[in-house]
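So the chains spell out like this:
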Protein chains: 2
Amino acid sequence: MNLDDRKKKILSSVVEDYISSAEPVGSKTLVDKYHLEYSSATIRNEMKLLEEQGYLEQPHVSAGRIPSTKGYRYYVDNLMKEKKLSMVDINYIDNSITGFGDTEKLLEQAADVISKVLTRPTVLTLKKQDLLENIKIVKVSDKLLLIIILSQNGTVKDCFAKLTDSVQDQTIEELTEILNKNLVGTPLENLSLVLNNVIAKELTAFSFVLDKICESIKYEMSKEQKKLSANVESILELPEFSDVEKAKNFVNMISTKEVIDEALEKTKSNGLGIIIGSESKEVMLKDCSIISLDIEKDNKHIGKISVISPKRIDYSKTISTLKYINTKFKNLLLNDKDEGG
Amino acid sequence: MNLDDRKKKILSSVVEDYISSAEPVGSKTLVDKYHLEYSSATIRNEMKLLEEQGYLEQPHVSAGRIPSTKGYRYYVDNLMKEKKLSMVDINYIDNSITGFGDTEKLLEQAADVISKVLTRPTVLTLKKQDLLENIKIVKVSDKLLLIIILSQNGTVKDCFAKLTDSVQDQTIEELTEILNKNLVGTPLENLSLVLNNVIAKELTAFSFVLDKICESIKYEMSKEQKKLSANVESILELPEFSDVEKAKNFVNMISTKEVIDEALEKTKSNGLGIIIGSESKEVMLKDCSIISLDIEKDNKHIGKISVISPKRIDYSKTISTLKYINTKFKNLLLNDKDEGG
DNA sequence: AGTTAGCACTCAAGAACTTAAAGTGCTAAA
DNA sequence: TTTAGCACTTTAAGTTCTTGAGTGCTAACT
């Protein structure tokens, strides 16, 4: 399982050249471009051995070599040097992720900016388990209420309730208090269920308002936890997808919740997970890599941002980017807690 | 400019066959599939005349005919029969557009659902001119405020302000009142400007809170009025884009604000506008059609949903869909006003 | 005069073949 | 152990050939 220095150098060069060129790498290219101090014949011999050991593969006999899943894995685990992000990228990220939005908006911004920096699609998955922090009801006008739902993960949702009769300011205040007394700490997904109980139990007097509120909240919560895919179109730029049929398949795959869920199941390892090609059980992903970052708040896992790409992707830059985002989020979300409680 | 009945029948059949098949239509196809009671030779003669008059064109001499821009236009204006939407589509639309969200969310839902029903991308453009209806400030915790900005067009925006010191409930109340007194009716885009003036003038006492609020609002408002493109990937299904290069161009075009803006400039005619191919000045759109719906609220134009497609699109279904959405919105947005004032 | 059958003609798309280039693996020499 | 050299393989690109779809025109027909 261990390679000598020369093999390491060759493997590393093949991976890096292929990542940037998308063309199988031949022995001559390595001599010319990477100034390896061996002849092309020697490199050919070594590459043959690397292929026999499963690190490289050959699309056909007269082509150069491309890294196999095992080759990428060895590169990522042993050979890759961590790159520093360019100032351009850092500035772009810093300007794009501000602390003003709620958690969900922050994560969306991050998924978006990552996809731009890496020119690959990203998928954002939010953890469903989120508890109610607070409900506020704002009377917009006589018969229109704005309901604001704050979650403990720091997400804000708002929805309208349109009433059939007008309602007093004081009623709203009382109602808000009662709702919060009964609902704080409830998982968001159970909210409408518990709400129904509250109504049944003690709030029949308010039901003309509460029914509407309940209806609205129920709908808002029933919406499937959004899975946002950013920058899916970016794949069109990749030579891997010069065939529309392949592009279509990839898009369909990304949109298939199950495929992604399955893959993400086991992507966790100190916040950063990498699945390369056939390491995933999902056959549809056999030519793809998923690199994903777990986002935590108050030591609780609240969501995940995943970069989805053909196996050919700049792993080093991807990891630097995700790490940078991670520290950024640590600060952003920490501040909430420190200053907010 | 007027065509006899036989020419109308032939033109109409060519357009409809081409819309569904994406293949140039030959004389024999017309006889077989559309049971036109003339021989193929007669139809050939007629098609030649239609081509000479500019209604049809021929990709090459041994191919059938496809409609020209002029042909589509004649079809849309004179020949097309309005289709009823299927119950499936109506149900899908009804279930997808609920009245619980704010205007912006409603429009996003609509743009999304339209793109699904028509399997074409849609672009949502929101009118910038929107005045402040109300600002609410909610104290989430000691040092964290949630600022809710309600616009007269019915859009809700919220952002956080993180304070360095804790703040009294009463301060918030006073502040909210002062802000509303000074800011209601201000165009959203000027909000932070006017806010700065307010601070300077009379609110120096609150500045430790207000500065943060101002910063947050400023950012929230500075975000370019989002132009949301839904379902861009759907183009991959169209034979027009079996070449990735073309798909790429199309995506880039959609993402180029200027191109779309230019085209949309003059899409208004009783709410529904149709631009076909070279009717647009923008050369990039010469093979595309844009069908767009103006959304009004209280007789004010607040936004536009546009379907963007190759010229080959089911115009009849598109128009039915947009009309249905339009009546739906009339009700949804009317309710706001009636009940809300 | 309008319509239609018939036929020669054109062109694109695909099949079959040819060629050129890239890159290998092996052998034998350094 | 390394390397020069060469025969060999395979793809990609280019060329030619073939087929089929569909036309436009002419001449006959109603």
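In case you missed it, the structure is sitting above this.
Below or above, wherever it landed, is the structure these notes cover. Remember, predicted model here, so these are calculated numbers, not experimental data.

Observations regarding the overall build of chain A
Working step 1: Across its full length, chain A carries 12 helices and 10 strands.
Working step 2: Compactness check: chain A gives a C-alpha radius of gyration of 26 Å against a globular reference of 20 Å for 341 residues, more than 25% above the reference.
Working step 3: Principal axes of the C-alpha set define a box for chain A whose edges measure 90 × 40 × 30 Å.
Working step 4: Looking at the 341 residues of chain A, the share that counts as buried comes to 54%.
Working step 5: A total of about 15,600 Å² of accessible surface is found on chain A, and carbon and sulfur atoms cover 48% of it.
Working step 6: Averaging the positions of the 48 positive and the 53 negative side-chain charges in chain A gives two centres separated by 4 Å.

Quick look at the protein's contact with DNA strand D
Working step 1: Contacts to DNA strand D come from 21 residues, most closely from T42(A), V61(A), S62(A), S27(B) and R65(B).
Working step 2: Restricting attention to atoms of DNA strand D within 4 Å of the protein, one finds that 78% of them are sugar or phosphate atoms.
Working step 3: The backbone of S39(A) places a nitrogen or oxygen atom 3.1 Å from a phosphate oxygen of DNA strand D.
Working step 4: Contact between DNA strand D and R65(B): a phosphate oxygen at 2.9 Å from a side-chain N or O atom of the residue.
Working step 5: Every element with two or more residues in the surface near DNA strand D is listed here: α3 (40-52) of chain A together with α3 (40-52) of chain B.

Observations regarding the sheet that holds strand β6 (residues 156-162) of chain B
All names here are of chain B.
Working step 1: Across the sheet, three strands lie side by side as β4-β5-β6; this open sheet has antiparallel pairing. Two strands in the sheet have a free side with no partner beyond their single neighbour: β4 (132-141) and β6. On average, each strand axis in the sheet is tilted by 20° relative to the strand beside it, whichever way the strands run.
Working step 2: Bridge analysis of β4 against strand β5 (residues 144-151) gives eight bridges, and the strand direction is antiparallel. Bridge pairing links L132 to S151 in β5.

Some points on unusual backbone geometry
Working step 1: The phi angle at T119(B) is positive, at roughly 50°, despite the residue not being glycine.
Working step 2: The residue T119(B) is located in the loop between α6 (103-118) and β3 (122-126) in this model.

A word on the packing of aromatic side chains
Residue and element names in this part refer to chain A.
Working step 1: In this structure the tally under the stated criterion is eight aromatic pairs over all chains.
Working step 2: With a centroid separation of 4.9 Å and an interplanar angle of 55°, the aromatic rings of F241 and F250 are classed as tilted. F250 carries the same exposure label as F241, and that label is buried.
Working step 3: Between the NZ or CZ atom of K70 and the centre of the ring of Y55, over which it lies, the distance is 4.5 Å.

Comments concerning the protein's contact with DNA strand C
Working step 1: The environment of DNA strand C is formed by 21 residues, the closest being S27(A), R65(A), R6(B), T42(B) and V61(B).
Working step 2: When atoms of DNA strand C within 4 Å of the protein are split into backbone and base, the sugar-phosphate part holds 76%.
Working step 3: Taking R44(A), its side chain carries an N or O atom lying 3.0 Å from a base nitrogen of DNA strand C.
Working step 4: In this structure, a phosphate oxygen belonging to DNA strand C sits 2.4 Å away from a side-chain N or O atom of T42(B).
Working step 5: Contributing elements (two or more residues each) for the surface near DNA strand C: α3 of chain A together with α3 of chain B.
Working step 6: No other element matches the four residues that α3(B) contributes to the surface near DNA strand C.

Description of the pattern of salt bridges
Residue and element names in this part refer to chain A.
Working step 1: Applying the stated criterion across every chain, the model contains 46 salt bridges over all chains.
Working step 2: As a salt-bridge pair, E37 and K9 come within 3.6 Å of each other at their nearest N and O atoms. Of this pair, E37 sits in the loop between α2 (27-34) and α3 while K9 sits in helix α1 (residues 5-21), placing them 28 residues apart in sequence.
Working step 3: By relative accessible area, which is 39% here, K9 ends up partly exposed.

Concerning the sheet that holds strand β10 (residues 300-310) of chain B
Residues and elements named next belong to chain B.
Working step 1: A sheet is described by the order of its strands in space; here five strands give the open sequence β7-β3-β10-β9-β8, paired in antiparallel fashion. Two strands bound the open sheet, and with one partner strand each, they are β7 (228-230) and β8 (272-276). If you compare each strand with its neighbour and ignore which way they point, the axes differ by 20° on average.
Working step 2: The sheet strands contacting α6 are β3, β7, β9 (288-297) and β10, and the helix crosses β3 at an angle near 160°.

Some thoughts on the relation of the copies chain A and chain B
Working step 1: Aligned on chain B, chain A shows an RMSD of 0.1 Å; the corresponding rotation is 180° and the shift along the axis is 0.0 Å. The relationship between the two copies is best expressed as a two-fold rotation axis. In terms of proximity to the rotation axis, the leading residue of chain A is V244(A), whose C-alpha is 2.9 Å off the axis.
Working step 2: Both copies contact each other with a shared surface, as 100% of the interface residues of chain A are interface residues in chain B too.

Some thoughts on the pairing of β9(B)
Residue and element names in this part refer to chain B.
Working step 1: Most of β9 is tucked away, with nine of its 10 residues classed as buried.
Working step 2: Of the pairings in the sheet, the one linking β8 to β9 comprises five bridges and is antiparallel in character. Bridged to I274 within β9 is I291.
Working step 3: Across 10 bridges, the pairing between β9 and β10 is antiparallel. Bridging from a neighbouring strand, I290 pairs with I308 of β10.

Some thoughts on the interface of chain A and chain B
Working step 1: In this complex, chain A contributes 47 residues to the contact, which on the side of chain B involves 48 residues.
Working step 2: Summed over both partners, the interface of chain A with chain B comes to about 3,900 Å²; 61% of that surface belongs to carbon and sulfur atoms.
Working step 3: On inspection of chain A and its partner chain B, the count reaches four salt bridges.
Working step 4: K105(B) is paired through a salt bridge with D158(A); the nearest N and O atoms lie 3.6 Å apart.
Working step 5: Applying the counting criterion to the chain A and chain B interface returns six residue pairs in polar contact (both at pLDDT 80 or more).
Working step 6: Going through the elements one at a time, α6 (103-118), β4 (132-141), β5 (144-151), β6 (156-162), α9 (207-222), α10 (244-255) and α12 (315-340) of chain A are the ones with two or more residues in the side of chain A that touches chain B.
Working step 7: Looking at side-chain class alone, the side of chain A that touches chain B contains 18 nonpolar, 12 polar and 17 charged residues.

A short note on helix α10 (residues 244-255) of chain B
Residue and element names in this part refer to chain B.
Working step 1: Between its first and last C-alpha, α10 extends 16 Å over 12 residues, near the 16 Å set by a 1.5 Å rise per residue.
Working step 2: Within the span of α10, buried status applies to V244, A247, K248, F250, V251, M253 and I254.
Working step 3: Put simply, D243 is the residue that caps the front of α10, since its side-chain oxygen is 3.0 Å from the backbone nitrogen of E245.

Some thoughts on the side chain of T318(B)
Working step 1: Inspection of the secondary structure puts T318(B) in helix α12 (residues 315-340).
Working step 2: Residues in contact with T318(B), not counting those within four places in the same chain, are L118(B), I291(B), V307(B) and I313(B).

Cut-offs used in this document
- Residues numbered from 1 in each chain as written.
- Chains lettered and ligands numbered in written order.
- Predicted model: local features only at pLDDT ≥ 70, side-chain atom pairs only at ≥ 80, totals over all residues.
- Heavy atoms only, no water.
- Helix = DSSP H or I, 4+ residues; strand = E, 2+ residues; numbered from the N terminus.
- Rg over C-alpha atoms; globule rule 2.2 N^0.38 Å.
- Buried < 20%, exposed > 50% of the residue type's maximum accessible area, 1.4 Å probe, protein only.
- Areas by Shrake-Rupley, 256 points an atom, 1.4 Å probe, with all protein chains shown as cover.
- Lys, Arg positive; Asp, Glu negative; His and termini not counted.
- Charge placed at Lys NZ, Arg CZ, Asp CG, Glu CD.
- Near = heavy atom within 4 Å.
- Polar contact = N/O pair within 3.5 Å; in protein donor to acceptor, adjacent residues only side chain to side chain.
- Pairing = 2+ DSSP bridges.
- Axes fitted to C-alpha atoms, helices over the stretch in contact; angles between N-to-C directions.
- Phe/Tyr/Trp six-rings, centres within 6.5 Å; stacked < 30°, edge-to-face > 60°.
- Lys NZ or Arg CZ within 6 Å of the ring centre and 35° of its normal.
- Salt bridge = Lys/Arg side-chain N within 4 Å of Asp/Glu carboxyl O.
- Contact = heavy atoms within 4.5 Å.
- Least-squares fit on C-alpha atoms with pLDDT ≥ 70 in both.
- Buried area = accessible area lost by both parts, 1.4 Å probe.
- Nonpolar A, V, L, I, M, F, W, Y, C, P; charged D, E, K, R; others polar.
- Expected span 1.5 Å × (residues − 1).

These figures capture arrangement, not role.
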